[in-house]
Amino acid sequence: MGTAAVEVEWRIARDAAMTDIAKSGTVTAIPELAHSVHVDATGLEPDRMYWYRFRAGGIESPIGRTRTAPAAGTSPSALRFAFASCQNYTQGYYTAHAAMAKEDLHAVLFLGDYIYEGDARGDRVRDYSRRGWAFSLADYRDRYATYKMDPNLQASHAAFPWILTWDDHEVENNYAGGIDPNDSKNKQAIFERTNAYQAYYEHQPLRGPKPNGPALKLYRTLSYGERDWLLAGLAASKAQWNFVTQSVRFSQQDSSPDPTTHRFDGVDNWMGYVVDQRILIDQFAKTRNAVVLSGDSHVDFVYDVKQNWSDPKSPTVATELLGTSISSEGDPFIPATQFDGSAKNPQLRFFDNHRGYVRVTVERARLTADFRAVSTVTQPTATVSTLASFVVDDGRPGVHRA
Ligand SMILES: [Fe+2]
C-alpha cells in the first residue's frame, strides 16, 4: 500500500443494488493503521438490513450486507445467530463459513482464535504466505492478510454483522495475566500484545477506540473494570434470554480417565478461576435464562451448569453451549458423538468432534441450538449437516433433544 494516506469513500444503502443511499462519507486510511478504516455509520433505522461498499482510487469494493439491532424496548419474535471459533487456516478449508454465509442470521458471534500466531505444523491442507511465528506488527498483519483472503471467510463477513471477542491465539497460546510495564521480563509479552492488538483492531469490524499499547477495550458497556460490569448487567437485566458470550469453557469437566482420581485442567478455562466461576454461577441462579456461549476446545460440548458441581442433583442454573472449531485440529481421526455424560461428568449432555459452527434460534418460549458440521476440511468444498439439535425452554435451564 505504500506510505501515503488514502481517501476512502463509503456508502450505506437501504437496497442491495445500492440506489437508495442512507448515509455516505469519506474517511482517511492511514499507513499507521494498515490503511484500515472503521466507519461508525450512526443514525440508521433499527432492525433492518443495509448494504455497504467502499471506493478508493477509482476502485469499488464488493457490496457487503449488515443488519441493525432492534430498537431498545422492542420485542422481536425471534433472534437467529450463529457462533463459531478457532479457524486455523493451515488445518482446514472454511466450508463452515461458506455454509454460514447462506444461513438466515441476524449476526455472527465469533468467540476467538480468529488467527493462529504459530507456525504451520502437522497435517497442513494449505500454507501461510510467510511461514513462522508472529511476533512483530508486520508478522501479525501478514497473518490477518492470509486469513482475510479466504473467499468463504469474506462471504461470511459480507453477509452479516460480526460480534467478536478474542481468545489466546490472536496473541500467543495460553497467554494470561497482567502486564507491568516496569517489569523487564514482560518486555517481549508487551511487544507481542501491542502488535497483536493493533493488528486485530486494524483487521476486525470494531468501532474503536483504537488500542492503547498492550490494551484494547473489547467489551461493550459503559461502566467497566473488574467483573462488576458483567454482574451488574446480569442483575439489572430484564431480558428474556441472557447470553454470556466469551472464549473458553465455563463448566467443570473431570478429564481423568481413571474412575478413582480427578483431573480438572484449569490454565485455559474457567476451572482456573473457580472463585469468579462461583460468583457467576450464583448470579446465574438469579438470572432469567442464562446461556453461556464458548469456543476454544475444538469440539462441541453442551453442559448443564450446576449450582454445585459435586452434586449432580443440585439445580441446573444455566446452560453452556460450547461450539467446535471452524477448521482448527483438522478432520477428526475417529468421529465421535456422545449424548449425555458419564458418572464422572453427569453435567455433560453432548460431545462431538467434527468441525463446524452452531446455529441458534431464540424465541420467547425456547432456544434451539443446531450443531452444524462439515463433512471434511481437507477439501475446499464439503457437505454441511446438523449433527444434533437441542432446546432450552424458557425458565428451565439445561437442554433437551429437539
Ligand atoms: Fe483454538
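Caption draft 1: Representation of the side chain of Arg355. In this fold, Arg355 is placed in the loop between strand 14 (348-352) and strand 15 (356-363). Although Arg355 is buried, it makes no salt bridge; Asp331 carries the closest opposite charge, 6.1 Å away. A distance of 2.4 Å separates a polar side-chain atom of Arg355 from the backbone oxygen of His298.

Caption draft 2: Highlighting the confidence of the model for the chain. Taken over all residues, the pLDDT of the chain has a mean of 92, while the share at 70 or more is 97%. This model gives residues 221-226 a pLDDT under 50, and the stretch forms 6 contacts once residues within four places in sequence are excluded.

Caption draft 3: Structural detail: the coordination of the iron ion. Coordination of the iron ion by the protein is provided by Cys86 (SG), Asp113 (OD), Tyr116 (OH) and His298 (NE2), with metal-donor distances spanning 2.0 to 2.6 Å. Each of the 4 donor atoms bound to the iron ion contributes to angles spanning 85 to 167°, and the resulting shape is irregular.

Caption draft 4: Focus on a nonpolar patch on the surface. There is a patch of nonpolar side chains on the surface, built from Trp133, Phe135 and Phe191 and spanning about 300 Å² of accessible area. Structurally, the position occupied by Phe191 is in helix 4 (residues 187-203). When its relative accessible area of 40% is taken as the criterion, Phe191 is described as partly exposed.

Caption draft 5: A look at the sheet that holds strand 6 (residues 78-84). On the basis of which strands lie adjacent, the open sheet formed by 7 strands has the order 8-7-6-15-16-17-18 and mixed pairing. In this open sheet, the two strands that pair with only one neighbour each are strand 8 (162-164) and strand 18 (396-401). Each neighbouring strand pair of the sheet contributes to a mean axis angle of 25°, computed without reference to strand direction. As paired elements, strand 7 (residues 107-110) and strand 8 share 3 bridges and run parallel to each other. From the neighbouring strand, Val108 faces strand 8, where its bridge partner is Trp162.

Caption draft 6: The arrangement of the packing of aromatic side chains in detail. The full count for this structure, using the stated rule, is 21 aromatic pairs. Put simply, the rings of Tyr89, Tyr94, Tyr128 and Tyr147 touch in pairs and so form one group of aromatic residues. A cation over an aromatic ring shows up here: Arg126 above the ring of Tyr94, its NZ or CZ 4.6 Å from the ring centre. Directly above the aromatic system of Tyr128 lies the positively charged group of Arg143, at a separation of 3.7 Å from the ring centroid.

Caption draft 7: Here's a closer look at the nonpolar core. The biggest cluster of nonpolar side chains holds 42 residues, and the ones touching the most others in it are Tyr114, Tyr147 and Tyr200. Secondary structure elements with two or more residues in this core: strand 6, helix 1 (95-101), strand 7, helix 2 (137-148), helix 3 (151-159), strand 8 and helix 4. When residues of this core are assigned to their parent elements, the largest contribution, 5 residues, is made by helix 4. Apart from the residues within four sequence positions on either side, Tyr114 is in contact with Gln87, Tyr144, Tyr147, Lys148, Leu153, His157, Trp162, Leu164, Glu170 and Gln204. Grouped together as the second largest cluster of nonpolar side chains are 20 residues, Phe81, Phe83, Val362 and Val399 included.

Caption draft 8: Summary view of the packing of helix 2 against helix 4. Look at helix 2 against helix 4: their axes get within 8 Å of each other, and the N-to-C directions meet at 35°. Crossing of helix 2 over helix 4 shows right-handed handedness. Contact residues: Leu137, Tyr140, Arg141, Tyr144 and Lys148 in helix 2; Glu192, Asn195, Ala196, Gln198, Ala199, Tyr200, Glu202 and His203 in helix 4. Considering only residue class, the contact of helix 2 with helix 4 consists of 6 nonpolar, 3 polar and 4 charged.

Caption draft 9: Molecular detail of the sheet that holds strand 12 (residues 316-322). Reading across the sheet, the 6 strands line up as 9-10-12-11-14-13 and stay open at both edges, with mixed pairing between neighbours. Every interior strand has two partners, whereas the edge strands, strand 9 (242-245) and strand 13 (337-339), have only one. Across the sheet, the mean angle separating the axes of adjacent strands is 15° when strand polarity is ignored. As paired strands, strand 10 (residues 290-294) and strand 12 are joined by 4 bridges and run parallel to one another. By the bridge assignment for strand 12, Val291 is matched with Thr319.

Caption draft 10: The side chain of Asn195, seen in detail. In this fold, Asn195 is placed in helix 4. Given a relative accessible area of 11%, Asn195 falls into the buried group. Apart from the residues lying within four places of it in its own chain, the contact partners of Asn195 are Phe135, Ser136, Leu137 and Tyr140.

What counts and how
Residues numbered from 1 in each chain as written. Predicted model: local features only at pLDDT ≥ 70, side-chain atom pairs only at ≥ 80, totals over all residues. Heavy atoms only, no water. Helix = DSSP H or I, 4+ residues; strand = E, 2+ residues; numbered from the N terminus. Buried < 20%, exposed > 50% of the residue type's maximum accessible area, 1.4 Å probe, protein only. Lys, Arg positive; Asp, Glu negative; His and termini not counted. Salt bridge = Lys/Arg side-chain N within 4 Å of Asp/Glu carboxyl O. Polar contact = N/O pair within 3.5 Å; in protein donor to acceptor, adjacent residues only side chain to side chain. pLDDT = per-residue confidence, 0-100. Contact = heavy atoms within 4.5 Å. Donors = N, O, S within 2.8 Å, 3.2 Å for Na, K, Ca; no water. Tetrahedral: all angles 85-135°; square planar, octahedral: opposite > 155°, others 65-115°. Patch = residues over 30% accessible without salt bridge, like charges linked within 9 Å, V, L, I, M, F, W, Y side chains within 5 Å. Areas by Shrake-Rupley, 256 points an atom, 1.4 Å probe, with all protein chains shown as cover. Pairing = 2+ DSSP bridges. Axes fitted to C-alpha atoms, helices over the stretch in contact; angles between N-to-C directions. Phe/Tyr/Trp six-rings, centres within 6.5 Å; stacked < 30°, edge-to-face > 60°. Lys NZ or Arg CZ within 6 Å of the ring centre and 35° of its normal. Core = buried A, V, L, I, M, F, W, Y, C linked by side-chain atoms within 4.5 Å. Left-handed = near helix turned anticlockwise from the far one by under 90°. Nonpolar A, V, L, I, M, F, W, Y, C, P; charged D, E, K, R; others polar.

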